[in-house]
Amino acid sequence: MSKSRRSSIASVPCRLEWRPSRWLGAMSWALALLAPFSLLASGLPRVAAWPLALAAGAWGVVSARRQRAMPPRLLLVPPGRAAATCDGAPIVDLRFGWRGPLAFACWRDGTGRSHRASWWPDTLDAGMRRELKVVMLRRDPAAEPASMAG
């Protein structure tokens, strides 16, 4: 009974909901507000510093608002050979990376377009990070394209 329970858990896909991080949004707004001051405090001539400060502030505000307005996504990552999906559409070349508590994913959709997502600690807790790592370890290496050595 125990073995069948483990195999059924191992066959369940990992559901990852991506949404904009509040932490990242707060940092983006802080940078948008501080960038103009850093340009004004630099050694640039005032004639160049003021227009660049205005441009940096405007760019920062636009970037922060764009990041916050991104729609949520749902990634399903099954173990084995099954194709992962993003919002129900199959994706290829899914790769994950970790930097401490941050998780990063990149993939291509059916048209070959690249996509990226990052999960911050406020959007992906430690338990989900562990589950994701286990699912990625259980992915069948044969599902990936063969390398030159293989």
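Nothing here was measured: the structure is a model prediction, and the numbers come from that model.

Reading guide: rules and limits
- Residues numbered from 1 in each chain as written.
- Predicted model: local features only at pLDDT ≥ 70, side-chain atom pairs only at ≥ 80, totals over all residues.
- Heavy atoms only, no water.
- Pairing = 2+ DSSP bridges.
- Helix = DSSP H or I, 4+ residues; strand = E, 2+ residues; numbered from the N terminus.
- Salt bridge = Lys/Arg side-chain N within 4 Å of Asp/Glu carboxyl O.
- Buried < 20%, exposed > 50% of the residue type's maximum accessible area, 1.4 Å probe, protein only.
- Expected span 1.5 Å × (residues − 1).
- Bend = angle between axes of the 7 residues up to and from the residue.
- Contact = heavy atoms within 4.5 Å.
- Polar contact = N/O pair within 3.5 Å; in protein donor to acceptor, adjacent residues only side chain to side chain.
- Core = buried A, V, L, I, M, F, W, Y, C linked by side-chain atoms within 4.5 Å.

## Description of the pairing of strand β2 (residues 73–77)
Next up, step 1: Two strands pair when backbone bridges link them, and strand β1 (residues 14–18) and β2 are joined in this way by five bridges, in the antiparallel orientation. Considered in β2, the bridge of Trp18 is made with Arg73.

## Things to note about the pattern of salt bridges
Next up, step 1: Taken as a whole and assessed by the stated rule, the structure comprises two salt bridges.
Next up, step 2: A salt bridge links Asp93 to Arg95, with the nearest nitrogen and oxygen atoms 3.8 Å apart.
Next up, step 3: According to the relative accessible area criterion, Arg95 is partly exposed, its value standing at 47%.
Next up, step 4: In this structure, the salt-bridge partner of Arg108 is Asp93, at a minimum N-O distance of 3.8 Å. With Arg108 in strand β6 (residues 102–108) and Asp93 in strand β5 (residues 92–99), the pair connects residues that are 15 residues apart, well separated along the chain.
Next up, step 5: Overall, the relative accessible area of 31% leaves Asp93 in the partly exposed class.
Next up, step 6: Salt bridges here are not isolated pairs; linked through shared partners, they connect Asp93, Arg95 and Arg108.

## Focus: helix α2 (residues 22–41)
Next up, step 1: Look at α2: 29 Å from first C-alpha to last across 20 residues, which is about the 28 Å you get at 1.5 Å a residue.
Next up, step 2: Along its length, α2 shows its largest kink, about 30°, at Leu34, and proline Pro36 lies within four residues downstream of that point.
Next up, step 3: Those residues of α2 that fall on the buried side of the exposure criterion are Gly25, Ser28, Ala32, Pro36 and Leu40.
Next up, step 4: Contacts made by the buried residues of α2 are with α3 (46–68).
Next up, step 5: The backbone nitrogen of Trp23 has a side-chain oxygen 3.2 Å away, supplied by the residue at the start of α2, namely Ser21.

## Structural notes on the nonpolar core
Next up, step 1: Among the nonpolar cores identified, the biggest contains 18 residues, and Leu16, Leu75, Val77, Leu94, Phe96, Trp107 and Trp119 are the most heavily contacted of them.
Next up, step 2: Put simply, the parts of the chain that give this core at least two residues each are β1, β2, β5, β6, β7 (114–119) and α4 (126–138).
Next up, step 3: Ignoring anything within four residues of it in the chain, the contact list for Leu16 reads Arg73, Leu74, Leu75, Val77, Phe96, Trp119, Leu124, Met128 and Leu132.

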